[in-house]
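# A look at the structure
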Amino acid sequence: MSRIGKRPVELPSGVTASVSGQTVEVKGPKGTRSFTATDDVTIAVEGNSVSVTPRGSSKRARQQWGMSRTMVANLVQGVTQGFKRELEIQGVGYRAQSQGNMLKLNLGYSHDVNFEVPQGVTVTTPKQTEIVVEGIDQQQVGQVAANIREWRGPEPYKGKGIRYKGEFIFRKEGKKK
C-alpha cells in the first residue's frame, strides 16, 4: 500500500486539472504542464483534487502509483509556485553575469563561458557570486543548474568552483611537507 499514492493531490484556487486518457493537464497562474501516466494507474479528477489509483496489485502498478501521484503534485507546485535552484560561486575572480538569455561566466579559464539559457527557464544573478535558476518544470530547472555547475565543479582542496547553495564539499588536506 503506497502511503504517498493514497493521498489525493489538492488543487489550490486558480488551478484547474483535466484528464484525457492517461494524460493529466494542469493549468495555473504560471503556465500549463502535462504528464502522461502509464497504463498501470488510473487518474481521476474529483472536485478540487486529483486522485491516482493502481490497476491491479502487481509490483509495477504499485511502483507507478506513488510515482504518478508525485508527478501530478509536482505539476501543481510548478504552475503555482514554480521551482528554484540556487548556485553559489567560490574562487578568486570567479563571477557570473546574466545578459538576456545568456549567462556569462568567468571561471578562471582563458576565455569567458557563455551559457545559453533554454526556453522555459529564467536565470538571474542577484550578486556576482550567486546564480538563481527558476522555472515551472522541476526536471528542466535541475538539469540547467547541473549544466551550469558542470563548467567548474567544486574541488576538494580549496573549495573553488560552482556549488549548490548549502551543499557540503568534503575537504581534503593538501600535501604534507
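Here's what I pulled together on the structure shown here. All values derive from a computational prediction rather than experimental measurement. Each chain has its residues counted from 1, running along the sequence as written. Given that this is a predicted model, residues contribute local features only at a pLDDT of at least 70 and side-chain atom pairs are listed and counted only at 80 or more, while totals for whole chains, interfaces and linings are drawn from all residues. Processing note: side-chain calculations cover all non-hydrogen atoms of the structure and skip hydrogens and water entirely.

### Here we look at the sheet that holds strand β2 (residues 16-20)
Reading across the sheet, the three strands line up as β2-β3-β4 and stay open at both edges, with antiparallel pairing between neighbours. Strands with a single pairing partner mark the edges of an open sheet, and in this sheet they are β2 and β4 (31-36). The mean inter-strand angle of the sheet, taken between neighbouring strand axes irrespective of direction, is 15°. Where β2 meets strand β3 (residues 23-28), five bridges bridge the pair, whose relative direction is antiparallel. Residue pairing in the sheet places T16 in a bridge with K27 of β3. Only when DSSP finds a minimum of two bridges between them are two strands counted as paired. Secondary structure elements follow DSSP: runs of H or I of four or more residues count as helices, runs of E of two or more count as strands, with numbering from the N terminus. Whenever a helix is involved, its axis is fitted only over the stretch in contact; in every case the axis is a line through C-alpha atoms, and angles between N-to-C directions fall within 0 to 180 degrees.

### Remarks on the pattern of salt bridges
Think of a salt bridge as a Lys or Arg side-chain nitrogen and an Asp or Glu carboxyl oxygen that are within 4 Å of each other. In total, this model carries nine salt bridges according to the counting rule given. In this structure, R149 and E167 form a salt bridge, with 2.8 Å as the shortest nitrogen-oxygen distance. One end of the pair, R149, is in helix α3 (residues 138-150); the other, E167, is in the segment after β13 (161-164), and 18 residues separate them in sequence. Of the residues examined, R149 reaches a relative accessible area of 22% and is grouped as partly exposed. Ionic pairing is found between E173 and K176, a salt bridge with its closest N-O pair at 3.2 Å. Pair check on accessibility: E173 and K176 agree, each one exposed. Overlapping salt bridges, with partners in common, bring together K84, E86 and K165 in one network. Note on classification: 1.4 Å probe, protein chains only; a residue is buried when its accessible area is under 20% of the maximum for its type, exposed when over 50%, partly exposed between these limits.

### Observations regarding the environment of E150
Relative to the elements of secondary structure, E150 occurs in helix α3. Overall, E150 belongs to the exposed group, its relative accessible area being 65%. With 118 residues separating them in the primary sequence, E150 and T32 have C-alpha atoms 29 Å apart.

### Some points on the environment of Y109
Mapped onto the secondary structure, Y109 falls in the loop between β9 (102-106) and β10 (113-116). Using a relative accessible area of 33% as the deciding quantity, one classes Y109 as partly exposed. Placed 15 residues apart in sequence, Y109 and Y94 show a C-alpha to C-alpha distance of 9.7 Å. We call two residues in contact whenever any of their non-hydrogen atoms come within 4.5 Å of each other. Not counting chain neighbours up to four residues away, the residues in contact with Y109 comprise W151 and R152. Here the side chain of Y109 touches W151 through a polar contact of 2.5 Å, landing on its backbone oxygen. Between N or O atoms, a polar contact is any pair within 3.5 Å; within protein, one atom must be a potential hydrogen donor and the other a potential acceptor, and residues adjacent in sequence are included only when both atoms are from side chains.

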